Amino acid sequence: MIGRGSTMSESFDVAVIGGGIVGLAVGREITRRFPRMRLVVLEKEERVGMHQSGHNSGVIHSGVYYQPGSLKAKLCVAGAAAMVEFCREHGVPFAVCGKVIIATSEEQMPRLQNLLERGNRNGVPGLRMLRPEELPEFEPHASGVAALLVPGTGVTDYAKVCEKYAQLIVARGREVWTSAKVMKIRTHERKTVLETTRGDVEAGAVINCAGLFSDRISRMAGENPDVQVVPFRGEYYDLVPERAGLVKALIYPVPDPRFPFLGVHFTRRVHGNVDAGPNAMLAFKREGYSSGDFNLRDAVESVTFPGFWRVAVKHWRMGKDEAQRSVSKAAFVAGLQRLVPEVRAEDLVPGGSGVRAQAIHRSGALVDDFQFTQTKRMLHLYNVPSPAATASIAIGEAVVEMAAGAWGW
Ligand SMILES: Cc1cc2nc3c(=O)[nH]c(=O)nc-3n(C[C@H](O)[C@H](O)[C@H](O)COP(=O)(O)OP(=O)(O)OC[C@H]3O[C@@H](n4cnc5c(N)ncnc54)[C@H](O)[C@@H]3O)c2cc1C
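Here, residues in each chain are numbered from 1, in the same order as that chain's written sequence. The predicted nature of this model means local features are confined to residues of pLDDT at least 70 and side-chain atom pairs, given and counted, to a pLDDT of 80 or more, with totals for whole chains, interfaces and linings taken over all residues. The basis for every side-chain value is the complete set of non-hydrogen atoms in the structure, without hydrogens or water.

Across its full length, the protein chain carries eleven helices and 20 strands. If you line up the protein chain on its principal axes, its C-alpha atoms span 65 × 45 × 40 Å. Element-wise, carbon and sulfur atoms account for 52% of the exposed surface of the protein chain, whose accessible area totals about 16900 Å². The distance from the centre of the 50 positive side-chain charges to the centre of the 43 negative ones in the protein chain is 4 Å. Counting from the N terminus, the helices are the DSSP runs of H or I reaching at least four residues and the strands are the DSSP runs of E reaching at least two. Each accessible area value is a Shrake-Rupley result obtained with a 1.4 Å probe; residue values ignore everything except the protein chains displayed when judging cover. The convention is simple: Lys and Arg are positive, Asp and Glu are negative, and His and the chain ends are not counted. Think of each charge as sitting on NZ of Lys, CZ of Arg, CG of Asp or CD of Glu.

Okay, here's the thing in structure tokens:
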């Protein structure tokens, strides 16, 4: 699957840093649009898709949540259709199973109504409000005062999508180097040299898709970005197989609009198991998948960034609730029981976890939309959180379009 690589210096027209779903989608799009361009994708791990892209909920989002006109809205709607098509064409498992977003109190009704309007403005097909008596037809064990049906939502296995993107890049004669960590970046007038653990790479242009490390890569290149990536760990529980029948497809709460995450939900995965989560806890290690994980450099970088404390002060109450859900299974279960009252603590066993890269602006604002920033010889993808896996094909197209404009390809 992986291109040859070497331990000597090699020259390319373009290097993509990061073999997650976004870097690979960008690489694949380059091979499609510019078949003669020499490309390498550099990934520090032994395999592609080992971080956010291989530790997520696997949902093909439809696009109801995002601000109309935003990149997230446009690229999610276009990307969801493209992802379904891609999975069908390349034999990646997927299911378009639909989901319900449930208001559990009258107070949440205006927000649910707002999601319907947003979704319609974003061009999400088939949205419909369900009355409480209609809900059992879709989710017999769920309860609420109303629900929004999102029929086009699906599930897939994004780790498999990553493998397929990489295979397609290599099949077109381009290179994907694994175990190639970018350690140092030297910029020259006409080229950039990336020192990697597999040797030096010279590139005319560099696209930084390093996910949880995209800000650090930018600083390595001598830049001073306005944003800092802050890691948020999300923990899952699995429903034991004998209780998986409580959930037919996907059951989501109405999200709190002040917070960038969707709230703990139930997901029937593409392989049939059901999980619940993820919560969202500030993490002190960028790739720290366990609650005790700590990395001094990552922690110091977070807390010394000016915007961090502004975010912490603004969101402390939500943070407190999430922390409670992290340390107390009872609090986690109570959140889930609002959606499916029959679920009990003994139905849930600890599952996996993932770490989200969320960019925070120096001013203290959480960066809401996708953010791509171009400098002279580099393009940085600083903020590509959910729904970036769904939207990856459309992100690849948008980023390559930007690169083509910037560098006259
Ligand atoms: C818990 C969780 C649930 C989610 N659920 C969904 C969902 O259901 N649907 C959805 O659409 N999205 C979801 N997302 C979001 C989605 O997974 C991410 O937006 C997407 O995977 C981001 O892809 P990426 O390629 O930018 O990052 P990553 O997958 O993290 O890839 C970045 C890569 O860069 C590499 N790298 C870093 N530094 C270097 C270096 N110095 N040299 C070489 N390589 C380097 C890393 O090893 C990594 O492989 C979820 C995310 C999480 C964490």
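Definition of nearness: a residue and a molecule or strand are near each other if at least one heavy atom of the residue lies within 4 Å of the molecule or strand. Lining the immediate environment of the ligand, one finds 36 residues, of which E43, S53, V182, V384 and T390 sit closest. Between the ligand and K44 there is a distance of 3.2 Å, counted from a nitrogen atom to a backbone nitrogen or oxygen. Between an oxygen atom of the ligand and a side-chain N or O atom of Q52, the distance comes to 3.2 Å. Burial of the ligand by the protein amounts to 98% of the accessible area it has alone, namely 1000 Å². Amino acid classes used here: Ala, Val, Leu, Ile, Met, Phe, Trp, Tyr, Cys and Pro are nonpolar; Asp, Glu, Lys and Arg are charged; the rest, including Gly, are polar. Residue classes in the shell around the ligand are distributed as 17 nonpolar, 14 polar and five charged. Pairing of N or O atoms within 3.5 Å defines a polar contact, subject to two protein rules: one partner must be a possible hydrogen donor and the other a possible acceptor, and residues neighboring in sequence count only if both atoms are side-chain atoms.

I207, L381 and I395 are the most contacted members of the largest nonpolar core, which totals 48 residues. Among the elements of the structure, β1 (10–17), α1 (21–33), β2 (39–42), α2 (71–90), α5 (158–171), β12 (199–208), β20 (378–383) and α11 (392–407) are those that each provide at least two residues to this core. The leading source of residues in this core is α11, at eight residues. Any two residues whose heavy atoms approach within 4.5 Å are treated as being in contact. Residue contacts for I395: discarding those within four places in its chain leaves V22, L75, F370, F372, L381, V384 and A388. If you look at the next biggest cluster of nonpolar residues, it comprises 24 residues, including V100, L135, L149 and V264. Nine residue types can take part in a nonpolar core, namely buried Ala, Val, Leu, Ile, Met, Phe, Trp, Tyr and Cys, and a core is a set of them joined through side-chain atoms within 4.5 Å. Throughout, exposure labels follow a simple rule: accessible area from a 1.4 Å probe, protein chains only, divided by the maximum for the residue type, with under 20% read as buried, over 50% as exposed, and the rest as partly exposed.

Attention now moves to a nonpolar patch on the surface. Residues F284, F294, L296 and V300 make up a contiguous nonpolar surface patch of about 400 Å² in total accessible area. On the secondary structure map, L296 appears in helix α7 (residues 296–304). Only residues whose relative accessible area exceeds 30% and that take part in no salt bridge are eligible for patches, with like-charged residues grouped when within 9 Å of each other and nonpolar side chains (Val, Leu, Ile, Met, Phe, Trp, Tyr) grouped when within 5 Å. One speaks of a salt bridge when a side-chain nitrogen belonging to Lys or Arg is within 4 Å of a carboxyl oxygen belonging to Asp or Glu.

Next up on the list: unusual backbone geometry. With an omega of -10°, the peptide bond between G277 and P278 qualifies as cis. With respect to the helices, strands and loops of the structure, P278 is situated in the loop between β16 (274–277) and β17 (281–282). The omega torsion of the bond from S386 to P387 falls at 10°, within 30 degrees of zero and hence cis. You can see P387 is positioned in the loop between β20 and α11. Here S179, not a glycine, exhibits a phi torsion of approximately 50°, which is positive. As for its position among the elements, S179 is in the loop between β9 (175–177) and β10 (182–187). For S179, a relative accessible area of 35% translates into the label partly exposed.

This part is about the sheet that holds strand β8 (residues 154–156). In a beta sheet, neighbouring strands pair by backbone hydrogen bonds and run either parallel or antiparallel. Here the rule is simple: two strands pair whenever DSSP picks up at least two bridges between them. The strand order β3-β8-β4 describes an open sheet built from three strands, whose pairing is antiparallel. Bordering the open sheet on either side are β3 (59–60) and β4 (94–96), each of which pairs with just one other strand. Relative to β8, β4 runs antiparallel, the two being bridged by three bridges. The residue of β8 that forms the bridge with V96 is G154. Taken strand by strand, α2 contacts β3, β4 and β8, and its axis lies near 135° from that of β4. An axis is simply a line fitted to the C-alpha atoms; with a helix, the fit covers only the stretch in contact. Between two such axes, the angle follows the N-to-C directions and lies from 0 to 180 degrees.

The next thing to look at is the packing of aromatic side chains. Here the aromatic set is Phe, Tyr and Trp, taking the six-membered ring for Trp, and pairing holds for ring centres within 6.5 Å; pairs whose planes are under 30 degrees apart are stacked, those over 60 apart are edge-to-face, and all others are tilted. A full pass over the atoms with the stated rule returns ten aromatic pairs. Seen in terms of ring centroids, F34 and W409 are 5.5 Å apart; in terms of plane orientation they differ by 80°. Their pairing is edge-to-face. In this pair, F34 sits in the loop between α1 and β2 while W409 sits in the segment after α11, placing the two residues 375 residues apart along the sequence. Relative to W309, the ring of F308 lies with its centre 5.1 Å away and its plane at 90°, an arrangement referred to as edge-to-face. Over the ring of Y252 we find K99, and its NZ or CZ is 3.6 Å from the ring centre. In this scheme, Lys NZ or Arg CZ marks a charge over a ring once it lies within 6 Å of the ring centre and within 35 degrees of the ring normal. Over the aromatic face of F261 sits the side chain of R356, whose NZ or CZ is 4.3 Å from the ring centroid.

None of this, on its own, says anything about what the molecule does.
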